[in-house]
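A look at the structure
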Amino acid sequence: MSANSWPPALKAYVNETFAKCTDANRAAVETELKDLVFKAFEADKLWTIDWAKVSLKALNPPKKRKAFVPSTPASFGVTHGGADENDRRDKRARRFENAPPPAAGPSAGGAVAGGMAGRMAGRMAQAGMGSMYIASTPEPEGIYDPNVIDWDRETVVGTSSKLEKPFLRLTTLPDPTTIRPLPILEQTLALLKRKWRDEGNYAWICDQFKSMRQDLTVQRIKNDFTCSVYEIHARIALEKGDLGEFNQCQGQLRELYKHGLNGHQMEFLGYRILYLLFSRNRAELNSTMVNLTPQETCDESVVHALSVRQALGTGNYVKFFRLWNSAPKMGAYLIDHFVPRERVSALLTMSKAYKQGFPLSLVMKQLSFESSKEAEEFLTLYNVAVFKPQAKPVAVAGSKPAPPLAEDKVLQADVIAPRLVEALAKFTKADAKGQA
């Protein structure tokens, strides 16, 4: 019996059966189908059975509650009928008919090996019917799986030529006429960098960058240019103190770097460690530390961030403020956000160590204040600008008494200590808007 002499009804039945399969039941369906065809072949009923009415148990699992299928863009790629499905089935049928017969032998049965199934496969191969079992497992690229969305069909390719576009959240499917393709986006980036240098309007520049990121996302563009867009936006957000926007960018950059794209991965790894120190996300920080490679621990930005972590962990506030003043690249912009917290913590430590009080000059030196005025303003902000009464200056004969210096003021440790505890409690939760 040749491959072309198989009953057409059986061929259609096999194609229909595998079109209904999912990854979860494919193996069970194939086993049951082979057993069914074997029994029909042995009984010489291949031509007499009405294959259209035959059902497989593997395709009829226990009934479950009907699942809710949302009408979102993600569900548009899944169709369960229509012209597209018929075309796929026709292609499978043609491949089934044209599949070449395998060489006779034990392997002609494909996945069937040993026992009765193996003998049956061998006999069918000798009769020129081994192609039945090759065609019964179509190639992956030819299988229509209703559980898998065809993302290539859903990808948008923009046609807009506008360089500037405001950011609007999508509430419907993206319109290609409003999406900018990659060449236009490259021109837009050059324009934004020039305008940022000349005008420095952060509200406008942030809106434009978010619009660019959206165009890249809907077109599924992930390349070195994408890395550049997110890195530039992250640096601008850092400069303006927008940690929420920065965190969104660095979260996306982590995923882009995993694809091996070119960017400043070490620099942003250092920023990430500093950000986790600010947000006090210990679990994520420990996970990041465990995954560090020897190469990463030698980078300037990463080494500095790890030193900051060590200073905070050991309570070495003097070293912390020195590292703040010597941070590479834009690390100081991130540390700025938790400097007030660490200053309050350091003042509390000093108030416990110097029970008799400590001078303002010591505070200025160890907590990196630029002037006594700045130090007093900080103390006043947290209601701890409480100083001991200063002794009246002694006048030298023939001259006026010199006014007391601000640096000579001495803080009352016993008074400010409970107030510092109260102030430090307000820093328990970091303002980490947009944290991943």
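Along every chain, residues carry numbers that run from 1 in the direction the sequence is written. Only residues with pLDDT of 70 or above have their local features reported here, since the model is predicted, and side-chain atom pairs are shown and tallied only from 80 upward, although totals for entire chains, interfaces and linings are computed over all residues. With hydrogens and water excluded, all non-hydrogen atoms of the structure serve as input to the side-chain values.

**Description of the side chain of Arg341**
- On the secondary structure map, Arg341 appears in helix α16 (residues 339–353).
- Categorising residues by exposure relies on relative accessible area from a 1.4 Å probe, with only protein chains included: less than 20% of the type maximum marks a residue as buried, more than 50% marks it as exposed, and the intermediate range marks it as partly exposed. The class for Arg341 is buried, based on a relative accessible area of 5%.
- Here Leu277 takes part through its backbone oxygen, which lies 3.2 Å from a polar atom of the side chain of Arg341.
- Any two residues whose heavy atoms approach within 4.5 Å are treated as being in contact. In this view, Arg341 contacts Leu277, Phe278, Arg280, Leu424 and Phe427; residues no more than four positions away in its chain are not counted. Elements are defined by DSSP. Helices are runs of H or I of four residues or more, strands are runs of E of two residues or more, and each kind is numbered from the N terminus. Between N or O atoms, a polar contact is any pair within 3.5 Å; within protein, one atom must be a potential hydrogen donor and the other a potential acceptor, and residues adjacent in sequence are included only when both atoms are from side chains.

**Some points on the packing of helix α10 (residues 243–258) against helix α11 (residues 265–279)**
- Interaxial angle, 0 to 180 degrees, is taken between N-to-C directions of lines fitted to C-alpha atoms, where a helix line uses only the stretch in contact. The N-to-C vectors of α10 and α11 enclose an angle of 130°; their axes lie 11 Å apart at closest approach. With respect to each other, α10 and α11 are oriented oblique. Our pair here, α10 against α11, has a crossing hand that is left-handed. For the pair formed by α10 and α11, the contact residues are Leu243, Phe246, Asn247, Gln250, Leu253, Arg254 and Tyr257 on the first element and Gln265, Phe268, Tyr271, Arg272, Tyr275 and Phe278 on the second.
- Classifying every residue of the contact of α10 with α11 by side-chain character gives eight nonpolar, three polar and two charged. Oblique is the label for every angle not falling under 35 degrees (roughly parallel), over 145 degrees (roughly antiparallel), or within 65 to 115 degrees (roughly perpendicular). Rotating anticlockwise by less than a right angle from the far helix to the near helix defines a left-handed crossing, while the corresponding clockwise rotation defines a right-handed one. Throughout, the ten residues Ala, Val, Leu, Ile, Met, Phe, Trp, Tyr, Cys and Pro are labelled nonpolar, Asp, Glu, Lys and Arg are labelled charged, and all others, Gly among them, are labelled polar.

**Thoughts on the packing of aromatic side chains**
- The aromatic pairing rule takes the rings of Phe, Tyr and Trp, using the six-membered ring of Trp, and pairs them if the centres are within 6.5 Å, calling planes under 30 degrees apart stacked, those over 60 edge-to-face and the rest tilted. All told, the structure shown has 14 aromatic pairs when counted by the stated rule.
- When the ring of Phe246 is compared with that of Tyr271, the centres are 6.4 Å apart and the planes differ by 65°; the resulting orientation is edge-to-face. Note that Phe246 is positioned in helix α10 and Tyr271 in helix α11, a separation of 25 residues in sequence.
- For Phe246, a relative accessible area of 0% puts it in the buried group.
- For Tyr271, a relative accessible area of 2% gives the class buried.
- Within the aromatic cluster, the residues linked to one another by ring pairs are Phe246, Phe268, Tyr271, Tyr275, Phe278, Phe320, Phe321, Trp324 and Phe338.
- Here, over-ring charges are defined by two tests on the NZ atom of lysine or the CZ atom of arginine: distance to the ring centre within 6 Å, and angle to the ring normal within 35 degrees. The ring of Phe378 is capped by Arg343, whose NZ or CZ atom sits 5.8 Å from the centre of that ring.
- Note that Lys409 overlies the ring of Phe387, its terminal NZ or CZ placed 5.2 Å from the centroid.

**A look at unusual backbone geometry**
- Even without being glycine, Asp44 reaches a positive phi, approximately 55°.
- Relative to the helices and strands, Asp44 is located in the loop between α2 (26–42) and α3 (83–98).
- Although it is not a glycine, Lys329 sits at a positive phi angle of roughly 55°.
- By the element assignment, Lys329 lies in the loop between α14 (317–325) and α15 (331–335).

**Points about helix α19 (residues 413–425)**
- In this scheme, a helix's expected span is set at 1.5 Å multiplied by one less than its residue total. Its 13 residues give α19 an end-to-end C-alpha distance of 18 Å, which sits within 8% of 18 Å, the value for a rise of 1.5 Å per residue.
- Turning to α19, its buried residues are Ala413, Ile416, Ala417, Leu420 and Ala423.
- In the core, the buried residues of α19 are packed alongside α16, β1 (358–359) and β2 (410–411).

**Focus: the side chain of Thr226**
- With respect to the secondary-structure elements, Thr226 resides in helix α9 (residues 224–239).
- In this structure, Thr226 is in contact with Leu216, Ile221 and Leu256, ignoring residues within four places of it in sequence.

**Quick notes on the confidence of the model for the protein**
- Residue-level confidence of the predictor is what pLDDT reports, using numbers from 0 through 100. Per-residue confidence for the protein averages 79 on the pLDDT scale, and 71% of its residues sit at or above 70.
- Low pLDDT, under 50, characterises residues 64–81; the predicted model gives this stretch 17 contacts beyond four residues in sequence or across chains.
- pLDDT under 50 marks residues 99–117. Its contacts with residues more than four places away, or in other chains, come to 22 contacts.

**Observations concerning empty space enclosed by the protein**
- Using a 1 Å grid laid over the protein atoms alone, points where a 1.4 Å probe fits but cannot get out form a cavity; open sets with protein on both sides within 12 Å along at least 5 of 7 lines form a pocket; any residue with an atom within 4 Å of a point counts as lining. Grid points are joined across faces, edges and corners, and a volume is the space filled by probe spheres set on the points. Summed over the entire model, instances satisfying the criterion amount to three cavities of 30 Å³ or more.
- Looking at the largest cavity, its volume works out to about 40 Å³.
- Residue assignment for the lining of the largest cavity shows that the elements contributing at least two residues are α11 and α13 (300–314).
- In the lining of the largest cavity, the residues fall into three nonpolar, four polar and no charged.

**A few points about the layout of surface pockets**
- There is about 510 Å³ of room inside the largest pocket.
- If you trace the largest pocket, you find 21 residues lining it, with Arg280, Arg282, Leu312, Gly313 and Glu342 closest to the centre.
- Of all the secondary structure elements, the ones that give two or more residues to the lining of the largest pocket are α11, α12 (282–290), α13, α14 and α16.
- Of the residues in the lining of the largest pocket, the class split is nine nonpolar, seven polar and five charged.
- As a volume, the second largest pocket reaches approximately 440 Å³.
- Together, 20 residues line the second largest pocket, and Arg213, Gln214, Thr217, Tyr230 and Gln252 are the ones closest to its centre.

**With respect to the nonpolar core**
- Buried Ala, Val, Leu, Ile, Met, Phe, Trp, Tyr and Cys residues form a nonpolar core when they are joined through side-chain atoms within 4.5 Å. Counting 79 residues, the largest nonpolar core has Phe246, Ile335, Phe358 and Val363 as its most contacted members.
- Setting aside anything within four residues of it in sequence, one finds Ile335 in contact with Leu274, His304, Val308, Phe320, Trp324 and Ala327.
- Residues Leu33, Ala40, Leu56 and Ala58 belong to the second largest nonpolar core, which totals 14 residues.

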